[in-house]
Structure formats: C-alpha cells, structure tokens
Amino acid sequence: MKDKHFIMFMAPSLIAMLLFIALPIVSVFIQSLHIEHEQVIVTSQSCGPFGCTEETSVDAEATAALKEADPLGRFAGFQTYTGRNHLATSEVANIVAESSSVGEFFSDLLNLRFYKALSFTVAYTAVVTPFVVLLGLLIALAVNSVTPVMKGPTIFLTLLPMIITPLIGSLVLFWMIDARGILGASLANLVGDPNLSLKASPVLTWIMLMVYGIWHSAPFAFIIFYAGIQTVPQDTVEAAMVDGATRWERVRYIVIPHLAPLVVFISLIQLMDNFRVFEPIVGFQSGANATSLSYIIYQDLRGNEMQLFGSAAATSMLTIVGIAILVSPVAVKTWRDFTRKVI
Amino acid sequence: MQQPKLLVVFTWAFLVIWLIAAAFPFLWTLWGSFKVESDFFSKSDWKNALYGVNTIAQTGSPFILDAYRGTWIEESFWLNAINTFLIVIFVMLVSLTFGTLGGYALARSGKKYAFVILMAALIFRAMPHITLVSGYLLPFFEWGIWGTLPTTVIVLVAINQPFTLWMLHSFFLSIPKELDESAMVDGCSRFKAFRLVIMPVMWPGVVTTALFSFLLAYNDFAVTAVLLSQDNLTMVPRIASFLGTSQTEGKVMYAVAAVVSTTVPLFLLVMVFQRRIVSGLTAGAVKG
C-alpha cells in the first residue's frame, strides 16, 4: 500500500486518537503541575466602641476573577506529586523513621490516600488476574465436555457476567450481599451473628470486590480458552492415547502447552483492565474500605465544593506510570519479535 | 471415549455451580423488581422475596409494576434511555467508519509505521478511561462544549478506536490480499477497490466489531458520568445518581427497576448474537 493511500485511510482514526487520547495525556501532565488558586483573603478593620478588631474574610469575587483569568490555577511544579494526598514524601519519611515493625509501617502507610488506593489496585490486579485465568480454563474444559445440545445454553449463561454493565453487575451482587439481601441475611443466619455486615470490614470488602472481579472477567478467559481448545491437534492427542497417556497427562502435556500463548494474551488484557478497576467501587459503595487509583481521580473530579483538577491530574500521571510498568515487558517483547521477523 | 464416572460427576457439579453463580443474581433481581422493598430486602426471611408476602399485604397482588412506573415516568428514565440510544448509535456509526478505513490500511501496509501505530494503539488501550477524562474536563469547560451528547460521542469513539483498529485489522488480514490487488491490476484505484471488492465481503467482521462498540458505549460509566450534564445523562450514570438519593428516600426499588430495564437489551443482544461475540473475541486471540 502506498504511503499516500495509507495516510488517507488512516487519517480519521489517527486524528481521533491523537486529539482525544494523546493530547489529553499532555493536558493531564500540564494540569498536574498546577494547583488551584488560593482564595483571596481580605482583611478589614472594624472599629467599635471597644476598640478595633481585624477581620479576615474570603473575597469571593476576586477569587472567581482569578480563576477566570487563569483557569489552570497557579504553577506548582511537582508540589502536588510530593504532597500529602499523593506520594506524601515527608509523611512516608516520618513513618519509616517512627514505625518499629513492618506491620505498623504498612498500617500507617495505608492511612495515606494515595497508598490506600494504590495498594488495593495492585492487590486487586495481582489476585484477580491469575484466578480469572484459572477459572476460565476450568469452565472451558467443563463446557467442552458437555453434550453439543447443551453447549449453546451453557455458553449463553456463562457470557452474562462479562456482557453486563460493570456498574450494574456490581449493584446486583451488592444488593444480594446487603445485610437485608438474600446472601447477606443468610450468611448472618448461618454464622449466627445478626449484625454481620460484609460492608463494614475492610478485609471482607476487599474479598467481595475481588470475587466480583473474578466473576466478571472469568467468561472472557473462558471464551478465549474455549476457542483454543477447539484447535488442539487431534492426531497428537490420539498418538498420546496410543502411547498410553492418561487423561491428566494429555491435558498436562498437550492441551495446556497448546493454550500457553493464550494465557499471555489473557493476562495482558486482564492486567490492563484490572488496573483500572473503578465501577465496582462505586457500585459496592466501598469507598471507606477500598479505593482504587481510578476511583480517587473520579472523586477529585466530582468534588462537592470544587473540582481538584491538579490533584486528579497528578494521580492520573502516576496511574499512567503504573500502567507503563505493567505493560512494558510485553510491549518490549512484541517489538523484539517484530524487528526479528522483519530483519 | 469413555470418561471416568468420578470426573463426569465433578465436571457437572462444577459447571452447575458456575452457571448458578453466573445467572442466578440476574434472575433474583428480575424477580425482586416486581416486589416491594421490604420483600426484596428482607432481613427476617429471604423467602419473603420469593412469595412476595409483604407485597401481597401492601398491594394485594404478588407482582407489582410500581417500581417501573416510578422509574420510567416519575423519574423520567425514558429521557436517559433516549440519550443512551443516541450515543450508542452514533458511537457505533462513527467508530466503525473510522475503524474500517484504518483497519484496512493497517492490514494492507507491511511497513514499520503500521506496526508502530498498532503498538501505540495497544498502549492507548491500556489507559484507564478516567485518566483521559481528567485531561478533557478543563479544556471542555473552557471551550463550553462540556456536557453535550456530541462531545461524549466523539470521546467514546476515540477511546474505542484502539480496540476497533486491532479487531478490524486482524479481520482484514483474513481477507486475501489478492482480492483487492487483482482489482487494482484491472485498473481500479485503491479507493475503488476498497469500495467495490472489499466492502461487500467485510460485513461479518464489521458486525462483530459493531457489537463490541455497542457494548463499550452502552456499558460506559467513567466517561458519561463525568462528561455529561445532569439533563443529558445516559442510563448507567443515572442509575448511579439514583443510589445517592434513593437510599435515603426509600426509593431503592427504583434503582432495581432501572437496573433490570437497562439489562434487558443486553440479554437480547447476547441471545441474538452469541455466536458472533464468541467468534469475535476469539478471532483476535487465536489468529492474531
């Protein structure tokens, strides 16, 4: 294909991506270097019969004018990044100096907003991804062994958790595990503790969100594995049977190696998707016990009094760094494969 | 091939448990949406929701449509449904037009820059949507285009492009190069060859990709919740805004009805297009 034609075909898509994906990243970076204007304080003296007192008040008009003139706010450099709500360098240094044990160190660290979100995001990604791969593989093996008539309905039901709107999926589960919902109430009866609430305890909240994540994403891994199983070379399987391989040995030495490249693909997609976990935290209303990087950005943007663009942008930049760390090994490998193929 | 008994039992048990986990929450919510709140959320006995004890006591009928009436009419959920419909249709149209052209170019160009674009798209695919949204918000406010449907459509299209490009790229790879090349030997220009030879055979791939564009636009919460003004909200962020107020006012059943209403189109979609969804998701992984 000629370069000229390539550009003409590619232009609309490329322009859309540059304008709305590449440029916003630049815009986020610039915003992250700024913080909101300070409120303009006016001091006025009011003198009464008992002498003069000084009063300070916020000049709303002047503050608004300042915001109007320079909506980005004032330049702050990397101050937001190192500040209390993000990397909190001085607080962390304090904690390191003062905490006597590793456990104390972590519990203090988790009180800081950014680290609380980061720790849940990383834990969620690290736990959900392997379980999704495993559960997806098991479902694919199971579905593959049912009679052909049953395959359609089983696949239909299996797809539901994935196809559903994430917010709705988490709400549906949330209502069931509510203290008055079917699962929550039954569990409370079972344990014999009528005040048991899955929402109150941080540990249970984390587990609940991770279970949701696995439930939501397992069908994706299932579909990929299911298609992979269909292409397992049958003559190899037959040859193995002739050689006396047991069922388990055939799965272990033929099916699993055949599916291994798919594991890489699924893990890559899942790492990306799980790292931006967001909707379940809104759906489960778990903000008190578990937050994620995406969620704290959303919080800043939807702030009640004012939107904290600088703070949201700094978290966004840090999130992008996290994504880059996650994805870079795969990107580098694909790039090497490609250049080797070309040369 | 005879399977050992024990394995069969285990397989079935596992499958049945999984299917219940996958489908029961939806059935339960659908059933409960026709009940009053004290039945759907019953601390004393979950069977209340099954038989609708309080629902009968309060209204005289075991199935009531109060929640749906409240959501759709009182809370004007139909407006949000229209917004969702508009956004979904336009996102699908625009992102497929852009995506087919781009995907075709990427599949037919063996150059290094095509690969660079595909890798960039993969990295763009990894960006959390909310980080991009935080980049749009301030400029959109300044330019006065925040809160409108067209802005959201174009943003969703752009966010959707990486995935669309990858999918259509691998689909066009499966259409033999010789097809359009022979047309060009016969004197067609590149565009004419695309229009006359490729367009007639590309529809299976386009329909599959369209399904995923639909899902992305329909299911989105991060972009629509932040970029749309209160009057223009689509269904999903509207449900989220129900939650804030409904819990206190005892209108949680409205949210339940809204959730069920929003889920129904998705169910129909899976029923009709199940095969395409499966083949679409696997095409990307197994072939490419």
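Predicted model, so just to flag it, every value in this text is computed and none were measured.

What counts, and at which threshold
Residues numbered from 1 in each chain as written. Chains lettered and ligands numbered in written order. Predicted model: local features only at pLDDT ≥ 70, side-chain atom pairs only at ≥ 80, totals over all residues. Helix = DSSP H or I, 4+ residues; strand = E, 2+ residues; numbered from the N terminus. Rg over C-alpha atoms; globule rule 2.2 N^0.38 Å. Buried ≥ 20, exposed ≤ 12 C-beta atoms within 10 Å, placed from the backbone. Contact = placed C-beta atoms within 7 Å. Axes fitted to C-alpha atoms, helices over the stretch in contact; angles between N-to-C directions. Parallel < 35°, antiparallel > 145°, perpendicular 65-115°, else oblique. Left-handed = near helix turned anticlockwise from the far one by under 90°. pLDDT = per-residue confidence, 0-100. Domains from an automatic or database assignment. Nonpolar A, V, L, I, M, F, W, Y, C, P; charged D, E, K, R; others polar.

Caption draft 1: Local environment of the overall build of chain A. Helix and strand counts for chain A come out as 15 helices and 4 strands. Since a compact globule built from 343 residues should have a radius of gyration of about 20 Å, the 27 Å found for chain A marks it as more spread out than a globular shape. Taking the principal axes of the C-alpha coordinates as reference, chain A spans close to 110 × 70 × 45 Å. Taken across its 343 residues, chain A has 37% of its residues classed as buried. Counting contacts in chain A only where the partners sit at least 6 residues apart, residues at least 24 apart contribute 68% of the total.

Caption draft 2: Representation of the overall build of chain B. A count of helices and strands for chain B gives 15 helices and 0 strands. For 288 residues, the compact-globule estimate of 2.2 N^0.38 gives 19 Å, and the C-alpha radius of gyration of chain B, at 24 Å, exceeds that figure by more than 25%. Along the longest, intermediate and shortest principal axes, the C-alpha atoms of chain B span 80 × 70 × 30 Å. Expressed as a percentage of the 288 residues in chain B, the buried residues total 45%.

Caption draft 3: Looking closely at the interface of chain B and chain A. Every contact between the two is made by 71 residues of chain B and, on the other side, 80 residues of chain A. At 13 residues, the largest contribution of residues to the side of chain B that touches chain A is made by helix H15 (residues 252-287) of chain B.

Caption draft 4: Quick peek at the packing of helix H9 (residues 149-173) of chain B against helix H12 (residues 203-219) of chain B. Residue and element names in this part refer to chain B. For the pair H9 and H12, the least separation of the axes is 10 Å and the interaxial angle reads 155°. Comparing the axis directions of H9 and H12 gives the class roughly antiparallel. In this structure, the crossing between H9 and H12 has a hand that is right-handed. Of H12, the residues touching H9 (which contributes Leu-156, Asn-160, Phe-163, Thr-164, Met-167, Leu-168 and Phe-171) are Gly-205, Thr-209, Phe-212, Ser-213, Leu-216 and Ala-217.

Caption draft 5: Seen up close, the confidence of the model for chain B. Residues and elements named next belong to chain B. Here chain B shows a mean pLDDT of 87. Residues at 70 or above account for 94%. Looking over chain B, one finds the lowest element-wise mean pLDDT in helix H14 (residues 235-249), namely 76, and the highest in helix H6 (residues 77-108), namely 94. In the predicted assembly, ipTM is 0.90 and pTM is 0.89.

Caption draft 6: Broad picture of unusual backbone geometry. Of note, the phi angle at Ala-88 of chain A is positive, near 50°, even though the residue is not glycine. Along the chain, Ala-88 of chain A turns up in the loop between helix H3 (79-82) and helix H4 (89-98).

Caption draft 7: Spotlight on the domain arrangement of chain A. Along its sequence, chain A is organised into domain 1 (36-73), domain 2 (76-111) and domain 3 (117-342). Computed from C-alpha coordinates alone, the two centres of domain 1 of chain A and domain 2 of chain A are separated by 33 Å.

Caption draft 8: Local environment of the environment of Gly-136 of chain A. Residues and elements named next belong to chain A. By the element assignment, Gly-136 lies in helix H6 (residues 113-144). When the 26 C-beta atoms within 10 Å are taken as the criterion, Gly-136 is described as buried. The spatial distance from the C-alpha of Gly-136 to the C-alpha of Ile-224 is 8.5 Å, given a sequence separation of 88 residues. Ignoring anything within four residues of it in the chain, the contact list for Gly-136 reads Ala-218, Ala-221, Phe-222, Phe-225 and Ile-266.

Caption draft 9: Spotlight on the domain arrangement of chain B. Residues and elements named next belong to chain B. As assigned here, chain B comprises domain 1 (5-69) and domain 2 (71-287). Centre-to-centre, using C-alpha coordinates, domain 1 lies 33 Å away from domain 2. The partner domain 2 presents 12 residues to the 10 residues of domain 1 that form the contact. Those elements that provide at least two residues to the side of domain 1 that touches domain 2 are helix H1 (5-32), helix H2 (37-40) and helix H5 (66-74). For the side of domain 1 that touches domain 2, the element with the most residues is H1, which contributes 4 residues.

Caption draft 10: A look at the environment of Pro-162 of chain B. Residue and element names in this part refer to chain B. As for its position among the elements, Pro-162 is in helix H9. A tally of 23 C-beta atoms within 10 Å means that Pro-162 is categorised as buried. As for Pro-162 and Met-271, which are separated by 109 residues in sequence, their C-alpha atoms are 27 Å apart. In contact with Pro-162, other than residues within four places in its own chain, are Ala-121, Leu-122, Phe-124 and Arg-125.

Caption draft 11: Fine view of the packing of H6 of chain B against H9 of chain B. All names here are of chain B. Across the interface, H6 lies against H9 with an axial gap of 6 Å and an inter-helix angle of 40°. Relative to H9, the element H6 is oriented oblique. Crossing handedness for the pair H6 and H9: right-handed. For the contact of H6 with H9, a count of residues per class yields 18 nonpolar, 11 polar and no charged.

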